[in-house]
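Commentary on secondary and tertiary structure
Residue strings, one per chain:
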Amino acid sequence: QVQLVESGGGAVQPGGSLRLSCTASGFTFSRYSMTWYRQAPGKERELVATISNRGSSTNYADSVKGRFTISRDNDKNTMYLQMNSLEPEDTAVYYCNPTTWSPPNRVFGVWGQGTQVTVSS
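These remarks concern the structure in this document. (Residues numbered from 1 in each chain as written. Predicted model: local features only at pLDDT ≥ 70, side-chain atom pairs only at ≥ 80, totals over all residues. Heavy atoms only, no water.)

Details of the sheet that holds strand β1 (residues 3-7)
Strand order in this open sheet of four strands is β1-β3-β8-β7, and the pairing throughout is antiparallel. Sheet topology places β1 and β7 (68-73) at the edges, where each strand pairs with a single neighbour. Between one strand axis and the next, the sheet turns by 15 degrees as a mean value, whatever way the strands run. (Pairing = 2+ DSSP bridges. Helix = DSSP H or I, 4+ residues; strand = E, 2+ residues; numbered from the N terminus. Axes fitted to C-alpha atoms, helices over the stretch in contact; angles between N-to-C directions.)

What follows is the structure in C-alpha cells.
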C-alpha cells in the first residue's frame, strides 16, 4: 500500500532554515510528480511546491518563491523541501503526495502523518 513519511520539521527562529524529507513506498515513485502541501492552524491545506517525475520542472506557490527549493532523488524514493528565510507565516504541518503535473491533482487517497514546522522568536 502507499505510504508517505514526512520528516525534518522542527522549531526555528524567523530567518532560519529547515530541510524536509518525504520518503515514499508502495508505488513507482519515479512515475509521478510529487507535491508538498501545508496546513496552518485554522486554515485549509494549501499547495507549496510541485516537482515533475524526473525533477526537471518545478512550480512554487507565490508565498514561498525564492525561499523554498523542492528536489527529489528517485533512487531513494525521496523528495525534499529546503526552506530558507523562514517566516512565522510558514508555521504549519507539511505533507507530501504524489500528483499529476498540471494541475497537481493527487492520485492516491492517502496522507502521511505530516511534519510540524514552527517558526517563532
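Still more to cover.
Focus: the packing of aromatic side chains
Think of a pair of aromatic rings as described by two things: how far the centres are apart, and how the planes are tilted against each other in angle. A full pass over the atoms with the stated rule returns six aromatic pairs. Both rings, one in F27 and one in F29, keep their centres 6.4 Å apart while their planes meet at 45 degrees; by these two values the pair is tilted. Take F27 and F29: they sit in the same class, and that class is buried. Residues F27 and Y32 carry aromatic rings whose centres are separated by 5.7 Å and whose planes lie at 75 degrees to one another, so their mutual orientation is edge-to-face. We classify Y32 as partly exposed; its relative accessible area is 22%. Clustering of aromatic rings is evident, with ring pairs tying together F27, F29, Y32 and F108. We note R19 situated over the ring of Y80; from NZ or CZ to the ring centre the distance is 4.0 Å. Over the face of the ring belonging to Y95 we find R45, whose NZ or CZ atom lies 4.2 Å from the ring centre. (Phe/Tyr/Trp six-rings, centres within 6.5 Å; stacked < 30°, edge-to-face > 60°. Buried < 20%, exposed > 50% of the residue type's maximum accessible area, 1.4 Å probe, protein only. Lys NZ or Arg CZ within 6 Å of the ring centre and 35° of its normal.)

Some remarks on the nonpolar core
Ranked by internal contacts, the top residues of the largest apolar core, which has 28 residues, are W36, V48, F68, M79, L81, M83 and Y94. Sorting the residues of this core by element identifies β3 (18-25), β4 (33-39), β5 (46-51), β7, β8 (78-83), β9 (92-99) and β10 (115-119) as the ones contributing at least two each. Considering every element that reaches this core, the biggest residue donor is β3, with four residues. (Core = buried A, V, L, I, M, F, W, Y, C linked by side-chain atoms within 4.5 Å.)

Section: unusual backbone geometry
Of note, the amide linkage connecting S102 to P103 takes the cis form, showing an omega dihedral of -5 degrees. Relative to the elements of secondary structure, P103 occurs in the loop between β9 and β10. If you check the backbone angles, N77 has positive phi at about 50 degrees while not being a glycine. Relative to the assigned elements, N77 resides in the loop between β7 and β8.

Some thoughts on the pairing of β7
Alternating residues of β7 divide into F68, I70 and R72, all buried, and T69, S71 and D73, none buried. As paired strands, β7 and β8 are joined by six bridges and run antiparallel to one another. Of the residues in β8, the one forming a bridge with S71 is Y80. Taking the residues that link successive antiparallel strands as the turn, the β7-β8 hairpin has four residues, and the phi of N77 there is positive, at about 50 degrees.

Quick word on the sheet that holds β5
A sheet is described by the order of its strands in space; here six strands give the open sequence β2-β10-β9-β4-β5-β6, paired in mixed fashion. Sheet topology places β2 (10-12) and β6 (58-60) at the edges, where each strand pairs with a single neighbour. Neighbour to neighbour, the strand axes of the sheet diverge by 25 degrees on average, direction disregarded. In this sheet, β9 lies alongside β4 in antiparallel orientation, the contact comprising seven bridges. Counted as the bridge partner of T35 is N97 from β9.

Interpretation in functional terms is not warranted from these geometric data alone.
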